[in-house]
Structure formats: structure tokens, C-alpha cells
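Results of the structural survey
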Amino acid sequence: MSEAISNLQAAQQKAMAGRPRVGGFPYLAETLRCAGVTRNVWHLPACASLYQTRLGSVIQQGTPLVSGTVDVPPFDEQALVAAIRTDQAGESTFPQFLLAAWQAGVVRYEVDFAERHVTYEGCCGESYVERYPAPPAQAAG
């Protein structure tokens, strides 16, 4: 196992252990940022996640949301924002959030940990940017 993989997995475990149920994403993001993760790019519905870190790049392949040949849902910003708010309220699991984002037409999203924002993209060039706050100083450091 590479140093990049072991560092990423340790940061993910730390983040999940201390992540609050409500508003947990900023804590998760800050924990990864402090561990040297600079970007995270998700491709839906494949659930392939690229982590760019100071130690190297790592791919994590999750369970795809669909199989076979399927139509891409149209980009629906209102449905996407509703999925984000549901997740922020602690009312969905991460797999439920991914499915809701896909159903809202998201084919890719990118987290920029330095700038603290997530850019969600549809297949026809549509996008929505969600900024997130830094967690309290003691939370993720």
C-alpha cells in the first residue's frame, strides 16, 4: 500500500469517527484538507472518486449507482440543492446523497478543499457551486 493510500484512509477514518450527524461535510472536508488532500473529483453514476493529495493521487471505486445503458437525468438545480440541504441536515446517508445528486442530473462533482467549495456539473455544461464554511478550529485539526 502506498503512503498516499494509507494517509487518505487514515484521514477518512478519523473524519468519519468525529463527523457530526448534522453539518458533517465541513468537518470531513477539513480533516481531509489537513491530511494533504487538495481535490476530490466524483464521477456519477460510476461512483469513482479521485483524490489528489500532496503524496500522490488515489482512486477509490465505489459501488455504481446504475448498470447497463441508462438515460442521464436532466440537470435540476432545485433538486440538487434539496439533496444538499437534506444531507446537511443529517437526513440522508452518503449513498442516498449520491443517488439524489445523480437523479438531479449531476455527472461529476469536484471538491476544492483550499477554496472550500464544491462544483456540481451536468452533462451539458450546467453547473452549480456550493461554498461550505470552515468548521470550528478545534473540530478537524
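Residues numbered from 1 in each chain as written. Predicted model: local features only at pLDDT ≥ 70, side-chain atom pairs only at ≥ 80, totals over all residues. Heavy atoms only, no water.

1. A short note on unusual backbone geometry
Quick reminder of the rule: Put simply, DSSP H or I for four residues or longer makes a helix, DSSP E for two residues or longer makes a strand, and each gets a number counted from the N terminus.
The step from Leu44 to Pro45 runs through a cis peptide bond, and the omega angle for that step is 10°. The backbone of Cys47 sits at a positive phi, close to 60°, despite the residue not being glycine. By the secondary structure assignment, Cys47 is in the loop between β1 (37-43) and β2 (48-53). Backbone geometry at Arg116 places phi at a positive 55°, although glycine is not the residue there.

2. A few points about the side chain of Asp87
We count it as follows: Three exposure classes are used, based on accessible area relative to the maximum for each residue type with a 1.4 Å probe and protein chains only: buried under 20%, partly exposed in between, and exposed over 50%. Only four residue types enter the charge count, namely Lys and Arg as positive and Asp and Glu as negative; His and the chain termini do not. When a carboxyl oxygen of Asp or Glu is within 4 Å of a side-chain nitrogen of Lys or Arg, the pair counts as a salt bridge. Between two residues, a contact is recorded if the distance between any of their heavy atoms is within 4.5 Å.
Positionally, Asp87 belongs in helix α3 (residues 77-88). Although Asp87 is buried, it forms no salt bridge, and the closest oppositely charged side chain is Arg19 at an N-O distance of 4.2 Å. The contacts of Asp87, once residues within four sequence positions are left out, are Arg19, Ser92, Thr93 and Phe97.

3. A short note on the sheet that holds strand β5 (residues 117-121)
Put simply, the rule reads: Strands are treated as partners if at least two bridges between them are detected by DSSP. To obtain an axis, a line is fitted to C-alpha atoms, over the contacting stretch when the element is a helix, and the angle between two such axes runs from 0 to 180 degrees between their N-to-C directions.
Pairing is antiparallel in the open sheet, where six strands are placed in the order β3-β2-β1-β4-β5-β6. On the outer flanks of this sheet lie β3 (56-61) and β6 (127-131), each paired with one strand and no other. When strand polarity is set aside, the average angle formed by the axes of neighbouring strands in this sheet is 15°. Relative to strand β4 (residues 108-112), β1 is paired through five bridges, and the arrangement is antiparallel. Its bridge partner lying in β4, Trp42 is registered against Tyr109. Contacting β1, β2 and β3, helix α1 (residues 3-18) crosses the sheet at an angle of about 60° to β3.

4. Looking at the pairing of β2
Of the strand pairs in this sheet, β1 and β2 are connected by six bridges, and their pairing is antiparallel. Bridging across to β2, His43 finds its partner in Ala48. As consecutive antiparallel partners, β2 and β3 are separated by two residues.

5. Quick look at the pattern of salt bridges
Under the criterion given, the structure shown has seven salt bridges. Two residues, Arg39 and Glu110, come together in a salt bridge whose shortest N-O distance is 3.0 Å. Note that Arg39 is positioned in strand β1 and Glu110 in strand β4, a separation of 71 residues in sequence. The partly exposed category is assigned to Arg39, whose relative accessible area is 27%. Take Glu110: its relative accessible area is 18%, and that puts it in the buried class. The salt bridge partner of Glu121 is Arg108, with a shortest N-O separation of 3.2 Å. Remark: Arg108 occurs in strand β4 and Glu121 occurs in strand β5; sequence separation between them is 13 residues. What makes Arg108 partly exposed here is its relative accessible area of 22%. Three or more residues are tied together by salt bridges with common partners; here these are Arg39, Arg108, Glu110, Asp112 and Glu121.

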